[in-house]
Amino acid sequence: MIRIIKQVFLPSRFFIVASASIVVFAISFVIPWLFALGLSILVALAVVTLADGILLISRRRKLQVTRNIPNLLSLGDENKISLSVKNKTGLDVMIVIYDELPYQLQMRDFEIRSELKNNDARVFEYMVTPTSRGNYQFGKVNVLVTSLIGFIQQKQVFELQTTVPVYPSIIQMKKYELKAHPFLSVSEGIKKHRRVGQSYEFDQIKEYVIGDDSRSINWKASSRKGALMVNQYEDERSQQVFSIIDKSRAMRMPFNNMTLLDYSINASLVISNVVLQKHDKAGLITFSDKIGTILPAERSTQQLRKILEALYNEQEHFLEAEYELLYHLVRHVIKHPSLIFLYTNFESYHAFERILPILRQINKFHLLVVIFFDNEDVVKLSKTEASKLLDIYIQTMAGTYLFEKNQIATELNNHGIHCIKTLPTDLSINTINKYLELKSRRMI
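All values reported here derive from a predicted model rather than from experimental measurement.

Caption draft 1: Representation of the packing of helix 6 (residues 260-277) against helix 12 (residues 427-440) within the structure. Running from N to C, helix 6 and helix 12 cross one another at 35 degrees; their axes reach a closest spacing of 9 Å. Along this stretch, helix 6 crosses helix 12, giving a crossing that reads as right-handed. On helix 12, the residues touching Tyr263, Ser264, Asn266, Ala267, Val270, Ile271, Val274 and Val275 of helix 6 are Leu427, Ser428, Thr431, Ile432 and Tyr435.

Take a look at the structure:
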């Protein structure tokens, strides 16, 4: 009996009618004949509520609810979750669904309202966007069921607890995997780069078409075929490409509820997948005040899984990055000339000056691409119209900050170091473009 009572709630419709009866009773002190009307309303409310409760609670057959959720969620992306509900109560009902979502999502006003006919089945979909890696605990699904009379609500609880890990963005990885294909890279954001020079890996002989390099004409094959034939070459393979991620406090800066480290982790997974699709070797190194993960560059079928698992477990550190330690690591671990994407951030030109000599030394032995971030909020501040003295001060400081960022990019280029200065949201696409550009220019 106590269990049944705990399942019963009184909706707003009940209190509206009860309040109306109270108002009638109050007025009856002035107009006595209204007392009988108020009493009639109160008795009718009690009878209808009791009948509604018996009709709803006495049903042995309940709703059927299942939650459909992916085996893992993608960091920073919208992930679709669905709730399947089937009405087996034998009544037409109104339902309110409260799904117990993980605390990391901070969705405290989630609810779904709908009407279900008898034996009707519906699927309710909603999107969640995780902003941190780790395990997300989905709890029970609570459903408040109301008949069409609407004076009693019954709570039905479905034990659908499950834990789902949030990994670096698998969605972005699959999205850019297709876009980076040479014959499919026509989507917005992926740049087509003109091939400079000529590869040394022969692919096939094909008929000449306008635009082919005349230096690739195969005269012997042309004479046999009676038409111009050209040698077709493919990209050189088995080049080493390393993603090196700075995990120091400079990468803890938030942007759209995610840290710069999380954006770098997503981009590292995306570029590693593209590299492997291009038949190059992908590797991973993380560091801060000490060395973190070291994954040698490989092209095995398990390499992407290793990179994914390694990135899933990375965490920010609170100390400054030791770039001297990184230099010694690169010299001892990366034996052959390789393409290195270094994900880091410089908040001042002074901090960059201390690191520049080490970056120049690394660039002597490898093709180094330094990736650092623009601050979108500072960009907006620099463009706002100043109306008072404080606004002028803020705008000046924002302009100085952006000038130093541009100065860092210029200084890197002056020393022959490639760089990408980007907003966090454009990081993955800009990294892929740089990789494709360097590959088309035969620099790797």
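Caption draft 2: Seen up close, the nonpolar core. Core analysis: the largest hydrophobic core is formed by 73 residues, its most contacted members being Ile95, Ile97, Tyr126, Val143, Leu339, Phe341 and Tyr435. For this core, the element with the highest residue contribution is helix 6, accounting for eleven residues. For Ile95, the residues in contact, after removing those within four places along its chain, are Leu63, Val85, Ile112, Arg113, Ser114, Leu116, Phe124, Val143, Leu144 and Val145. Ranked by size, the runner-up nonpolar core spans 29 residues in total, among them Tyr323, Leu326, Ile358 and Leu359.

Caption draft 3: Structural detail: the layout of surface pockets. Space inside the second largest pocket adds up to approximately 330 Å³. Surrounding the second largest pocket, 18 residues form its lining, Glu320, Ala321, Ala351, Arg354 and Ile355 being those nearest its centre. Elements supplying a minimum of two residues to the lining of the second largest pocket: helix 8 (323-333) and helix 9 (349-365). Among the elements that make up the lining of the second largest pocket, the one with the highest residue count is helix 9 (four residues). Class assignment for the residues of the lining of the second largest pocket results in seven nonpolar, four polar and seven charged.

About the criteria used
Residues numbered from 1 in each chain as written. Predicted model: local features only at pLDDT ≥ 70, side-chain atom pairs only at ≥ 80, totals over all residues. Heavy atoms only, no water. Axes fitted to C-alpha atoms, helices over the stretch in contact; angles between N-to-C directions. Helix = DSSP H or I, 4+ residues; strand = E, 2+ residues; numbered from the N terminus. Left-handed = near helix turned anticlockwise from the far one by under 90°. Contact = heavy atoms within 4.5 Å. Core = buried A, V, L, I, M, F, W, Y, C linked by side-chain atoms within 4.5 Å. Buried < 20%, exposed > 50% of the residue type's maximum accessible area, 1.4 Å probe, protein only. 1 Å grid on protein atoms, 1.4 Å probe; cavity = no way out; pocket = protein on both sides within 12 Å on 5 of 7 lines; lining within 4 Å. Points joined across faces, edges and corners; volume = space filled by probe spheres on them. Nonpolar A, V, L, I, M, F, W, Y, C, P; charged D, E, K, R; others polar.

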